[in-house]
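# Coordinate inspection notes
Given next are the chains, with one letter for each unit.
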Amino acid sequence: MSAKTAAETKQPTKPAKGGGGKHVYDVLKTEILSLDLKPGVPLDETSLAQRFTMSRAPIREALIRLSADGLVEMLSNRSTLVAPVNLADFPRYVEALDLNQRITSRLAAQHRQAADIERMREKAAAFDDACKNGGHLKMSATNKDFHMAVAEAGRNPYFSRSYGMLLDEGRRILHMLFDYIQESAEDELLGSEHHEMIDAIKARDVERADALAHAHTRGFHDRFRRFMGANYITDIELQVDYSE
């Protein structure tokens, strides 16, 4: 099946009344993040309008929102593609993730309230449950929910927004990584690390929260290096300088 055919032959889905562009956005976002729609797949507005049984206007609205999320690329010739996963830029992505993860954890340790700790534990438990009973998309969604609970406890919406965008951008990488970890005899999923981070934040231990966030990013990077090696991809440099 060709890439274009894969995008066009999904079963028609009907939105809730008044859903329109939001429904299309939600469905396509799920399919992109779960890799049902592969990087580079063309998204034709006419074909999507037929699939969703609606006009092209809400389709265009959904594609614009997905473009703002970095999940599709809208080209100058008016064609649209599912955005590639740019592995060559992975080290720069990890650098940005590391800094955001550390500052949001530090702020959470400084400003957290009792309700924030309760919410973090709830989100960490949801991730643990997804690891046992959910698919990879649920795992990446609950992982993001946990980290956003940490970020929001820091009471800085600017860091929270930028961190949320980075987490969304990495969800397709996590989808690949979770599959590898679940099949690996050497790697473990990330749940215990989440609980250690919560304990440090609850104790208002800023330096430990920072160190655990840093180690969490390092672990993500190292696991992805092993995934790349296991899949015989050897022509991309994935070095990141973790020095302070």
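Source: prediction; values computed, not measured.

### A closer look at the pattern of salt bridges
All chains considered together, the criterion is met by 14 salt bridges. Two residues, Asp 210 and Arg 102, come together in a salt bridge whose shortest N-O distance is 2.6 Å. Of the two residues, Asp 210 sits in helix α11 (residues 206-230) while Arg 102 sits in helix α5 (residues 90-111), which places them 108 residues apart along the sequence. The class of Asp 210 is buried, set by a relative accessible area of 8%. For Arg 102, a relative accessible area of 14% corresponds to the buried category. Residue Asp 168 pairs with Lys 144 through a salt bridge whose shortest N-O separation is 3.1 Å. Of this pair, Asp 168 sits in helix α8 (residues 157-169) while Lys 144 sits in helix α7 (residues 136-153), and the two are 24 residues apart along the sequence. By the burial criterion, Asp 168 is buried, and Lys 144 matches it.

### Section: the nonpolar core
The biggest cluster of nonpolar side chains holds 24 residues, and the ones touching the most others in it are Phe 90, Tyr 93, Leu 97, Leu 177, Phe 220 and Phe 224. Ranked by residues supplied to this core, first place goes to helix α9 (residues 171-183) with six residues. Not counting residues up to four positions away in its chain, the partners in contact with Leu 97 are Tyr 163, Leu 166, Leu 167, Thr 217 and Phe 220. Of all hydrophobic cores here, the second largest spans 20 residues; its members include Leu 28, Ile 32, Ala 62 and Val 82.

### Quick notes on the packing of aromatic side chains
Using the criterion set out here, one finds five aromatic pairs in the structure. Taken together, a centroid distance of 5.4 Å and an interplanar angle of 35° make the contact between Phe 224 and Phe 227 tilted. With Phe 224 and Phe 227 both in helix α11 and three residues apart, the pair spans about one turn of that helix. Of the two residues, Phe 224 and Phe 227, both sit in the buried class. Stacked on the ring of Tyr 25, the Lys or Arg Arg 65 has its end atom at 3.7 Å from the ring centre. Here the guanidinium or amino end of Arg 161 rests over the ring plane of Tyr 158, the centre of that ring lying 5.0 Å away.

### Brief notes about the packing of α5 against α11
Their axes nearest at 8 Å, the elements α5 and α11 cross at an angle of 155°. The angle between the axes of α5 and α11 places the two elements in the roughly antiparallel class. Taken as a pair, α5 and α11 cross one another with a handedness that is right-handed. For the pair formed by α5 and α11, the contact residues are Phe 90, Tyr 93, Val 94, Leu 97, Asp 98, Gln 101, Arg 102, Ser 105, Arg 106, Ala 109 and Gln 110 on the first element and Val 206, Glu 207, Ala 209, Asp 210, Ala 213, His 214, His 216, Thr 217, Phe 220, His 221 and Phe 224 on the second. Partitioning the contact of α5 with α11 into residue classes produces ten nonpolar, seven polar and five charged.

Rules behind the numbers
Residues numbered from 1 in each chain as written. Predicted model: local features only at pLDDT ≥ 70, side-chain atom pairs only at ≥ 80, totals over all residues. Heavy atoms only, no water. Salt bridge = Lys/Arg side-chain N within 4 Å of Asp/Glu carboxyl O. Helix = DSSP H or I, 4+ residues; strand = E, 2+ residues; numbered from the N terminus. Buried < 20%, exposed > 50% of the residue type's maximum accessible area, 1.4 Å probe, protein only. Core = buried A, V, L, I, M, F, W, Y, C linked by side-chain atoms within 4.5 Å. Contact = heavy atoms within 4.5 Å. Phe/Tyr/Trp six-rings, centres within 6.5 Å; stacked < 30°, edge-to-face > 60°. Lys NZ or Arg CZ within 6 Å of the ring centre and 35° of its normal. Axes fitted to C-alpha atoms, helices over the stretch in contact; angles between N-to-C directions. Parallel < 35°, antiparallel > 145°, perpendicular 65-115°, else oblique. Left-handed = near helix turned anticlockwise from the far one by under 90°. Nonpolar A, V, L, I, M, F, W, Y, C, P; charged D, E, K, R; others polar.

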